[in-house]
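# Breakdown of the fold
The residues making up each chain are set out below.
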Amino acid sequence: MKQKITLKHIARELDISVSTVSKALKGNKEISEDTRLKVRAFAKLHNYKPNNIALSLKNRKTKTIAVIIPEILHHFFAKVIKGIERIANDSGYQVIICSSNNSFDKEVINLEMLASGSADGFILSVAKETLQNQDYHHITETIDQGMPVVLFDRVADGIFCDKIIVDDIRGGQEAVTHLLSIGCRKIALITTVDYISVGKLRTMGYERALRAYDLNIDPDLVLKIEDIEHCEEQILEFLKDKDYDGIFAVNELFAVLSTKAVHLKGLTIPKDVAIVSFSDGVLSKHSIPSLTTISQHGEQMGVKAAELLIHKLENQLEGHEEYKTIVIDTELIQRESTRR
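Residues numbered from 1 in each chain as written. Predicted model: local features only at pLDDT ≥ 70, side-chain atom pairs only at ≥ 80, totals over all residues. Heavy atoms only, no water.

### Focus on the confidence of the model for the protein chain
Residues with a pLDDT of 70 or more make up 94% of the protein chain, whose mean pLDDT is 90. Here residues 52-58 is modelled with pLDDT under 50, and outside its nearest four sequence neighbours on either side it reaches 11 contacts, counting other chains as well. (pLDDT = per-residue confidence, 0-100. Contact = heavy atoms within 4.5 Å.)

### Things to note about the sheet that holds strand β4 (residues 149-152)
Within the open sheet, the six strands sit side by side as β2-β1-β3-β4-β5-β11. Their pairing is parallel. Looking at strand neighbours, the two that pair on one side only are β2 (94-99) and β11 (325-328), the edges of this open sheet. Neighbour-to-neighbour, the strand axes of the sheet open up by a mean angle of 15 degrees, direction not taken into account. As paired strands, strand β3 (residues 121-124) and β4 are joined by three bridges and run parallel to one another. Pairing of I123 across the sheet is with V150, part of β4. Its contacts with the sheet place helix α6 (residues 104-115) against β1 (64-69), β2 and β3, and it is angled at close to 155 degrees to β2. (Pairing = 2+ DSSP bridges. Helix = DSSP H or I, 4+ residues; strand = E, 2+ residues; numbered from the N terminus. Axes fitted to C-alpha atoms, helices over the stretch in contact; angles between N-to-C directions.)

### So, a nonpolar patch on the surface
Together, I72, L73 and I97 make up an exposed nonpolar region whose accessible area comes to about 320 Å². Here L73 shows up in the loop between β1 and α5 (75-90). (Patch = residues over 30% accessible without salt bridge, like charges linked within 9 Å, V, L, I, M, F, W, Y side chains within 5 Å. Areas by Shrake-Rupley, 256 points an atom, 1.4 Å probe, with all protein chains shown as cover. Salt bridge = Lys/Arg side-chain N within 4 Å of Asp/Glu carboxyl O.)

### Side note on the environment of T62
The residue T62 is located in the loop between α4 (55-58) and β1 in this model. Its relative accessible area of 29% is what places T62 among the partly exposed residues. Taking C-alpha positions, T62 is 16 Å from E112, a pair spaced 50 residues apart along the chain. Ignoring sequence-local partners within four residues, the contact set of T62 consists of G117, S118, A119 and D120. A distance of 3.2 Å separates the side chain of T62 from the backbone nitrogen of T64, its partner in a polar contact. (Buried < 20%, exposed > 50% of the residue type's maximum accessible area, 1.4 Å probe, protein only. Polar contact = N/O pair within 3.5 Å; in protein donor to acceptor, adjacent residues only side chain to side chain.)

### With respect to the nonpolar core
Judged by nonpolar contacts, the single largest core of 37 residues is most densely connected at I190, I235, L239, I247 and F248. Listing elements by their share of this core, those giving two or more residues are α9 (168-181), β6 (187-192), α10 (197-212), β7 (222-225), α11 (232-240), β8 (246-249), α12 (252-264) and β9 (274-278). (Core = buried A, V, L, I, M, F, W, Y, C linked by side-chain atoms within 4.5 Å.)

### What to know about the packing of helix α1 (residues 7-14) against helix α3 (residues 33-45)
Here α1 crosses α3 at 120 degrees, and the two axes come no closer than 11 Å. The orientation of α1 with respect to α3, classified from their angle, is oblique. With respect to the hand of their crossing, α1 and α3 are arranged in right-handed fashion. Contact residues: α1 offers I10, E13 and L14, while α3 offers K38, V39, F42 and A43. Split into classes, the residues belonging to the contact of α1 with α3 amount to five nonpolar, no polar and two charged. (Parallel < 35°, antiparallel > 145°, perpendicular 65-115°, else oblique. Left-handed = near helix turned anticlockwise from the far one by under 90°. Nonpolar A, V, L, I, M, F, W, Y, C, P; charged D, E, K, R; others polar.)

Structure (structure tokens):
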């Protein structure tokens, strides 16, 4: 049997991105006319058939939920999946889990593949590259075709759907306020670049806490990391010669590496430097010393996401769609890294 051609095949053969192929086939004017014609000609020559999910699939229920996450080996996402599976299984649904590996193209491919009839709806945390590109056409088109999507954790204002988030600003402010309350005044921030929504919001919380104490924000104490997979050298170098008595890290990896940097500098935690992390996972609990952290309540987030999606699947209405944004409260969990 001849293999069915996909967007990925066309992109590879024409040496362009999956997104460009998808847009070209839909006549998107962002793509040059020459590229649109080339893509359409290639698709026609090889008998490309798009995965349409509109009316023909509307009544074909698979009783399956697709979950697309940025990283598979991450304690927070594991907790979210646990919550999703509990509600889904209790409601008679199966769960398919895919990782985008923070790749825009892989997120597009996963969405198209699963929307072709493998799943009834999606729970999704947006990939880093998608946020960087600010290109959400693959998600909005899926929603427009009648398939419900619930976003969690990493969301985007330009996507109109149900969302489950934590109050990242409040959580960041609570973390830094805790450091201030134990006497820290020179607090370093280890965060992400601003296009990653959760890092940007937690940074805003950091700034709010300092302003509430009438402290200036020192840009020399702020490190914004883009390449998370290769962040260790950046963090160790950044903290090596700085003068600080507290550190707020917007995720567990940054916090653990900050702990290493403090130890290499010959300082002790929490006597010389106190540290607060975000996301209460395995690393926070078993780090030496154990890390004070802001818990996102990942399992609760997964429960709410599954409940919202299943409600949509079983109560689909024609006409105007109303969307909810549910905010999960964060919680400060104090451990050894701030106990003075």
